[in-house]
Each structure stands twice: as structure tokens, then as C-alpha cells.
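# Examination of the molecular architecture
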Amino acid sequence: QVHLTESGGGLVQSGGSLRLSCAASISNYPIDTMAWYRQSPGMTRDLVASIDKSGGTTYADSVKGRFTVSRNSAKNTMDLQMSNLKPEDTAVYLCKMRNDWSDRDFWGLGTQVTVSS
């Protein structure tokens, strides 16, 4: 049984901040990499930020210096602190957690972030 739930999305003005959270109820699947993706209508689903089990992070060029990803592996949770938001950050943000042993990815349904100009 695997269930991922994102929260924290909403409407914010340009320059504002939001904090997204992903909580996973996962039995029998230790989580390796955790990641945030985002997707707008008619667009591809793109990686925003990832954090591996050792705490190493990667970020899309468009969010470097503005977003920070963190995780609590014991609780199977991941956060994305977003600052200085821009209208181009508007998208559905989706949580992904990966188990390398089984080569399986687990996805949440997403949370909407809308940034007004």
C-alpha cells in the first residue's frame, strides 16, 4: 500500500512565499530519492528539486536560490520552501518518491500553486 499526499499549495502574489509538504504512507518500500516536479496544462512534467537519502540536492536552474527542498526520512515526509515566487512558477506541483531496489516510483496527485503578477 502506497499513498502520497501533497499539501500547502494556494494563491500567492509575486514575490511571496509558500511551503509545500508531501507525506507518504508507504509499507514495505524504503524511500531513496524524493523529488518535486511541476506541470502546467499543455506542458511537460519537469523536475523542480530532488533530495537523495544522504541529503544531496539538485534544483532546476529556474528555481536555484529561491527554493529549498528538505526531508525527514524517518517520517517519509518532504518539504519544498518556495520564496520570491514568480508567475512562471504557477503549476501543479507533484511529489515523487523512489525505491531503487524495486525500480518503482510513487506519485502524489499534486497541489496547485498559482502566483499572480
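For the structure, check the block above.
As the structure is a prediction and not an experimental result, all values here were calculated from the model.

Soluble globular proteins tend to pack their nonpolar side chains together in the buried interior. Within the largest apolar cluster, 27 residues are counted, with the highest numbers of intra-cluster contacts made by Trp36, Met78, Leu80, Met82, Tyr93 and Met97. If you tally residues by element for this core, the top one is strand E3 (residues 18-26), at five residues. In contact with Tyr93, other than residues within four places in its own chain, are Glu6, Leu20, Trp36, Tyr37, Arg38, Val48, Phe67, Leu80, Met82, Gly110, Thr111 and Val113.

A few words on the state of the cysteines. Enumeration over the complete set of coordinates arrives at one disulfide. Through a disulfide, Cys22 is tied to Cys95; the S-S separation comes to 2.0 Å. With the S-S dihedral at roughly -80°, the linkage between Cys22 and Cys95 falls on the left-handed side. One end of the pair, Cys22, is in strand E3; the other, Cys95, is in strand E9 (residues 91-99), with 73 residues separating them in the sequence. Residue class for Cys22 comes out buried when judged on its relative accessible area of 1%.

Glancing now at the pairing of strand E5 (residues 46-51). Judged from the five bridges that link them, strand E4 (residues 34-39) and E5 form a sheet pairing that is antiparallel. Along E5, the bridge assignment pairs Ala35 with Ser50. Between the end of E4 and the start of E5, which pair antiparallel, lie six residues, with Gly42 showing a positive phi angle near 80°. Sheet analysis places E5 next to strand E6 (residues 57-59), joined by three bridges and oriented antiparallel. The residue of E6 that forms the bridge with Ile51 is Thr57. Counting the residues that bridge the hairpin from E5 to E6 gives five residues, and of these Gly55 lies at a positive phi of roughly 95°.

Next up on the list: the sheet that holds E3. Sheet architecture is open: four strands sit in the order E1-E3-E8-E7, paired in antiparallel fashion. This sheet does not close on itself; its edge strands, each paired only once, are strand E1 (2-7) and strand E7 (67-72). Averaged over neighbouring strand pairs, the angle between their axes works out to 15° when direction is ignored. Across six bridges, E7 lies against strand E8 (residues 77-82) in antiparallel orientation. By the bridge assignment for E8, Ser70 is matched with Asp79.

Here is what the cut-offs are and how they apply
Residue numbering note: each chain is counted from 1, following its sequence as written. Residue-level local features of this predicted model are given only where pLDDT is at least 70; pairs of side-chain atoms are given and counted only at 80 or more, and the full residue set underlies all totals for whole chains, interfaces and linings. With hydrogens and water excluded, all non-hydrogen atoms of the structure serve as input to the side-chain values. Here, the term nonpolar core denotes a set of buried Ala, Val, Leu, Ile, Met, Phe, Trp, Tyr and Cys residues that are joined through side-chain atoms within 4.5 Å. Burial classes follow relative accessibility: with a 1.4 Å probe on protein chains only, a residue under 20% of its type's maximum area counts as buried, one over 50% as exposed, and anything between as partly exposed. Strands are runs of DSSP state E lasting at least two residues, helices are runs of H or I lasting at least four, and both sets are numbered from the N terminus onward. Every residue pair with non-hydrogen atoms within 4.5 Å of one another is taken to be in contact. Pairs of cysteine sulfur atoms within 2.5 Å are identified as disulfides in what follows. Any two strands with at least two DSSP bridges between them are considered paired. A fitted line through C-alpha atoms serves as each axis, taken over the contacting stretch for helices, and the angle formed by two N-to-C directions is quoted from 0 to 180°.

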